[in-house]
Structure formats: structure tokens, C-alpha cells
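Residue-level listing of the chains:
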Amino acid sequence: MKKYLSILLVFISAISYGQKKSGNTTTASLILNKGQQITVTTSSSMDAEMGMGMKMKNDVMQTNTLLVTDVNDKNYIVSNTLNRIRLNGNMGAEDISFDSDKKEDLESEIGKSMKDKIGKTVIAKINRATGEVSVDTTNSKEEDAGENSFSGILGGNQGNDEENVRSAFFIIPPNKKPGDSWTDSTTAGKMKSVMEYKYISFDKDLANISIKTSTKGTNTMDANGMQFDIAMNSVSAGQLIVNTKTSLVQKRNAVADISGDIDMMGQSMTITSKANSISEYK
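Residues numbered from 1 in each chain as written. Predicted model: local features only at pLDDT ≥ 70, side-chain atom pairs only at ≥ 80, totals over all residues. Heavy atoms only, no water.

On to the nonpolar core. Residues Leu30, Leu32, Ile126, Phe170, Ile172, Ile209 and Val242 are the most contacted members of the largest nonpolar core, which totals 29 residues. Those elements that place two or more of their residues in this core are strand S1 (37–49), strand S2 (55–71), strand S3 (75–91), strand S5 (121–127), strand S8 (190–203), strand S9 (206–223) and strand S10 (226–243). Not counting residues within four places of it along the chain, the set of residues in contact with Leu30 comprises Tyr76, Ile126, Arg128, Phe169, Ile171, Thr246, Ser247 and Leu248. Counting residues in hydrophobic clusters, the runner-up holds 17 residues, among them Met50, Met221, Met226 and Ile258. (Core = buried A, V, L, I, M, F, W, Y, C linked by side-chain atoms within 4.5 Å. Buried < 20%, exposed > 50% of the residue type's maximum accessible area, 1.4 Å probe, protein only. Helix = DSSP H or I, 4+ residues; strand = E, 2+ residues; numbered from the N terminus. Contact = heavy atoms within 4.5 Å.)

Shown next as C-alpha cells:
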């Protein structure tokens, strides 16, 4: 059962913590310099109930390093390295604790499942004009959700290299000023997200932007030959602080409420979850 809980939580975590990709093309600029390094520290927590007495809770801290390895006329080339993960929580009746900085923890079941992720570097391209991010997956192995029973409890961000890079910047559409609002939307399969932005304030090159994201739709996951049909509805709200000259984010926070139903092996299960996350970029 732990494996199936984790499979479902992979999807929940992605909705909880994922930064939604903008569909707009802007003429604003993202400014990075070759050799520039950004340390990203994210603290997140999640409480989930999945019916039939199944509960899960976790607190996760992770650090990533983003390094600008090259700059050309069209793209910034950025490496993303996962440096550390620290986890405390429980899944069902099992208490879980893990710190990748501790040698003894690396020999545990979680450590063995994470050995190929800690210290892993992924290369991403960022379009200088639009901010679109693409990740080089040439040497990456796509992981079946059922292969790693701890993927879900470690949170959505650690498994999404593209979003880790994208979250470090935010390009404000041209001519926006404090008090202005705008919307955007994205669609991935049968899941649609609508983002509502509001320019709260400006002080010394720093803009405070509020973001409300509503996501609704259905998705199908396959794991170990089993199919899960998921209908999900989530609302998240938060703010970010961004440097308007460079488009680099200094801080993000978000709170998400998620509800939905899962059809699994002929049975229906109701899910509710609440997640919090704070990220700092230095």
C-alpha cells in the first residue's frame, strides 16, 4: 500500500508545488551572466488524507544550485544540481526521516532510492526573450512512479528539473505597474490551470506580485502495469518578490488546497491535501 500512496502523491505534489508555465511571449528581458550562481532553498510541508484511514504528512527542505555555464544570443545555458534533501514525516503508520548529508541515511531504503538524484546535474536552456525553459533529457531515464516508493513524499519539486529552473525567475509583462492585474492559462493534457496575477507594490527595483492558480481536470497515471484515473481540483495562492531589472526572483511562497477523486483497481478514493512552500534564491 505504501507504494500506491507514493504514486498518488507524486501527482499531488506536482500540483501543490509546481510553478505554472506562462503561455505568454513577452519582450521583457531576463538578465544572467556567465558564471553566475544561484542557491535555491525550498521548505515545504504537506498533509494529505486519501480515505480508508490513509494519511500522509511531510516536511521537506531541499537545496539546489543553479549555475549559468554559457550565454549566447538566444539562450542562457544553466546547470541545475540537487545538493541536499532533508525529510521528516510519516506515511500511514510509518515514521520517516532522511537527511542526505548523513552517511548512515544514504544507506537506508530512502537513501538507496535517492542515490542517483543527490548531486545530479541537469542542463537547461532558457530563451532570453520569452523565458521558455527546456531541459536536456538525453542521458535521463524516465522513472516509473511505481519504481521509487519515496518519490511522492519527497515533494513535487525534486523530480521536476524544468520547474526548478523556471521558478528562479519571473518576467513581468511590459508596461505593468502597481495595481495592475492580468491572467494567463496553460493546458497539459486534460488538466487546465488559470493564473491570476496582481502587481502589489514596487520598491527599490523589487516588485511584489501575488499569484492565484486554479487547476482542474483529469489525468491518467500508469505504474507497474496498473492504471490510476485522477480527477483533481486545486487552488493555490501566494506571492513572489522579483527584481524588475533582472527578472530574478528573490522569494516565493504558496499555499495550496487540493481535492479530488481517484479510481484505482475498481475502487474510488477521495483525496484532500493542503500544502505550503517557501523558496529563497540567493
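This brings us to the pairing of S10. In terms of strand pairing, S10 meets strand S11 (residues 249–264) through 15 bridges, oriented antiparallel. For Met232, the partnering residue across the bridge sits in S11 and is Gly260. Counted along the chain from S10 to the antiparallel partner S11, the turn is five residues long, and its residue Ser247 has a positive phi close to 70 degrees. (Pairing = 2+ DSSP bridges.)

The next subject is unusual backbone geometry. At Lys204, a position not held by glycine, the phi torsion is positive, near 50 degrees. Secondary-structure assignment places Lys204 in the loop between S8 and S9. Its identity is not glycine, yet Asp205 carries a phi of approximately 70 degrees, on the positive side. Position of Asp205 among the secondary structure elements: in the loop between S8 and S9.

Our focus in this paragraph is the pairing of S1. Across 13 bridges, the pairing between S1 and S2 is antiparallel. Bridge pairing links Thr39 to Thr65 in S2. As judged from the 10 bridges shared by S1 and strand S12 (residues 267–281), these two strands associate in the antiparallel manner. Of the residues in S12, the one forming a bridge with Thr41 is Glu280.

If you walk through the whole model with that rule in mind, you get two aromatic pairs. Seen from their ring centres, Phe170 and Tyr197 are 5.5 Å apart, and the 50 degrees between their planes marks the pair as tilted. One end of the pair, Phe170, is in the loop between helix H4 (161–166) and strand S7 (181–188); the other, Tyr197, is in strand S8, with 27 residues separating them in the sequence. Across the pair, Tyr197 and Phe170 agree in class, each one buried. On the numbers, 5.4 Å between centres and 20 degrees between planes, the contact of Trp182 with Tyr197 is stacked. Here Tyr197 lies in strand S8 and Trp182 lies in strand S7, a separation of 15 residues in the sequence. Comparing Trp182 with Tyr197 shows no difference in burial state: the two are buried. Each member of the aromatic cluster is reached from another via a ring pair, and the members are Phe170, Trp182 and Tyr197. (Phe/Tyr/Trp six-rings, centres within 6.5 Å; stacked < 30°, edge-to-face > 60°.)

On to the environment of Gln62. The residue Gln62 is located in strand S2 in this model. The class for Gln62 is buried, based on a relative accessible area of 5%. Taking C-alpha positions, Gln62 is 7.7 Å from Leu82, a pair spaced 20 residues apart along the chain. Only 2.9 Å separates the side chain of Gln62 from the side chain of Asn64, close enough to count as a polar contact. (Polar contact = N/O pair within 3.5 Å; in protein donor to acceptor, adjacent residues only side chain to side chain.)

With that out of the way, let us pick up the pattern of salt bridges. Applying the stated criterion to the full structure yields eight salt bridges. A salt bridge links Asp257 to Lys274; the shortest N-O distance between them is 3.1 Å. A residue pair is termed long-range when its members are at least 10 positions apart, and Asp257 in strand S11 and Lys274 in strand S12 qualify at 17 residues. A network of salt bridges, in which partner residues are shared, links Arg84, Asp99 and Asp101. (Salt bridge = Lys/Arg side-chain N within 4 Å of Asp/Glu carboxyl O.)

For Asp99, the location among the structural elements is in strand S4 (residues 94–99). Aside from chain neighbours lying at most four places away, what touches Asp99 is Arg84, Ile85, Arg86 and Asp105.

Okay, a negative patch on the surface next. On the surface, a cluster of negative charge is contributed by Asp222, Asp229, Asp261 and Asp263. Mapped onto the secondary structure, Asp261 falls in strand S11. (Patch = residues over 30% accessible without salt bridge, like charges linked within 9 Å, V, L, I, M, F, W, Y side chains within 5 Å. Areas by Shrake-Rupley, 256 points an atom, 1.4 Å probe, with all protein chains shown as cover. Lys, Arg positive; Asp, Glu negative; His and termini not counted. Charge placed at Lys NZ, Arg CZ, Asp CG, Glu CD.)

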